[in-house]
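In case you want the letters, here they are:
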Amino acid sequence: PTQLHYNSMASYSEGILLGVGNPLLDISSEVDMDYVKKYELKMSNAILAEEKHMPIYGELMKNKDVKYIAGGATQNSIRVAQWMMQAKGATSYIGCVGKDDYAKKLTDCAAGDGVRVEYLEDADTPTGTCACLIVDKERSLVANLAAANKYKVDHMKSEKIVPIYKAAKTIYAAGFFITVSPDTIDLLAKHCDETSSTFCMNLSAPFICQVPPFAKVLKDNLKYMDYLFGNESEAAEFAKMMKYEETDVAKIAALASKEESVKGKKRIVVFTQGSSCTCVAVEGKVTCYEVPKLDAKKIVDSNGAGDAFVGGFLSQQLAGADLATCVDAGHYAAQVVIQSSGTNLEGKPEYKPKKADIVKA
């Protein structure tokens, strides 16, 4: 359907979009490259914290410009989708938190954005945090999952939660959730297959494709995915994991779109490349879309850009828009988010649905 009731409640049913992931409170601060090197980190990367990274959290908290922002990749995407849809209760989000102030901050933030959150609470473990080290607008992320790591599939099977995932037309999980609850991903992927709901995943970070047990879960669930999202560095690792000979992002997307699918549906692969074009592959055919130019002076930091892209994209996918419009909405949402710290959503979106421009070959 081309008509799009933008900002009207009518076009989005309650709980139409569900996200499952790792709810984390972002602890974000500007640092210098020496600090990044001290902890052997890389920019534009995301990792799970090891013992040697633990002092980072306390150190960032002492910085005068430190910000606490509701985070976690999937939760960011769901909050952005909710903001773009402007239809109260259209989205739900599930993950595990502790019983503490951080959990309250996360709940208040998501609920303030209109997302229904149903957290599993683990009283013995603190809410997860993500250190966001910002250097010259680029970010390096170090996640200490803590309670987020305690999510159990039994919560998803509970009487209160089953109706939530059954109501969703689209279910989205970041690849990060693979490290926590593969059983939950399996359950939701198979549910989407049986009910012809839409199942989406994100590659999320290079390490998901590099670590054998995580790579196995990703590969096993690829056949259930209607949409696979990722960025250029993740696409490169995905290609290695799949033993493709390709290094070109568009060609990797094309190959991924042709992998076996249980549904006989077309898998759509969407790889972003920052300000370079966004590649979308369907049945081995790739279209590359221009990213609108944004004045570099307006960019605060790139943290959350990929998450926001997915949120914008899914807001239009759920309204029945075509791919070019979904991509355009993704670009719009990502550009809103990079103009502030973290995934900070204020006011209402000024988005008017239109098709993204195709890159002239």
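What you see as residue numbers is a count from 1 along each chain, following the sequence as written. Two thresholds apply to this predicted model, a pLDDT of at least 70 for residue-level local features and 80 or more for giving and counting side-chain atom pairs, whereas whole-chain, interface and lining totals are computed over all residues. Excluding hydrogens and water, the side-chain figures rest on all heavy atoms present in the structure.

Draft legend 1. Highlighting the sheet that holds strand E3 (residues 45-48). We call two strands paired when DSSP finds no fewer than two bridges between them. Helix numbering and strand numbering both begin at the N terminus, where a helix is a DSSP run of H or I of at least 4 residues and a strand a DSSP run of E of at least 2. The five strands lie next to each other as E3-E8-E7-E2-E4, forming an open sheet whose pairing is mixed. Two strands close off the open sheet at either side, each with one partner strand: E3 and strand E4 (67-71). Averaged over all neighbouring strand pairs, the angle between strand axes comes to 25°, with direction disregarded. Taken together, the seven bridges between strand E2 (residues 24-30) and strand E7 (residues 128-135) define a ladder with parallel strand orientation. When the sheet's bridge partners are listed, Asp26 is paired in E7 with Cys130. In this description, a line fitted to the C-alpha atoms serves as the axis of each element, helices being fitted only across the stretch in contact, and the angle between N-to-C directions of two axes falls anywhere from 0 to 180 degrees.

Draft legend 2. Highlighting the sheet that holds strand E9 (residues 170-174). The strand order across the open sheet built from nine strands is E6-E5-E1-E9-E10-E11-E12-E13-E14, with neighbouring strands paired in mixed fashion. Looking along the sheet, the strands with just one partner apiece sit at the ends: strand E6 (116-122) and strand E14 (285-289). Taken over all neighbouring pairs, the strand axes of this sheet differ in orientation by 20° on average, direction set aside. Pairing of strand E12 (residues 268-273) with strand E13 (residues 276-282) involves five bridges; the strand directions are antiparallel. When the bridges of E13 are listed, Ile268 appears paired with Val282.

Draft legend 3. Looking closely at helix H11 (residues 249-257). For each residue, the accessible area found with a 1.4 Å probe, counting protein chains only, is set against the maximum for its type, and the residue is called buried under 20%, exposed over 50%, and partly exposed in between. The element H11 is extensively covered by neighbouring structure, given that seven of its nine residues are classed as buried. Every buried residue belonging to H11 is among Val249, Ala250, Ile252, Ala253, Ala254, Ala256 and Ser257, and all of these are buried. Elements that come into contact with the buried residues of H11 comprise helix H10 (232-241), E12, E13 and E14. The contact criterion used is simple: two residues touch if any of their non-hydrogen atoms lie within 4.5 Å.

Draft legend 4. Structural context of the nonpolar core. To qualify as a nonpolar core, a set must consist of buried Ala, Val, Leu, Ile, Met, Phe, Trp, Tyr and Cys residues joined through side-chain atoms within 4.5 Å. Counting 102 residues, the largest nonpolar core has Phe199, Leu218, Phe229, Phe238 and Phe313 as its most contacted members. Look past the residues within four positions of Phe229 in its chain and what remains in contact with it is Tyr172, Cys200, Met201, Asn202, Leu203, Val270, Phe271, Phe309, Val310, Phe313 and Leu314. Listed in part, the 14 residues of the second largest apolar core include Tyr35, Val36, Leu41 and Tyr57.

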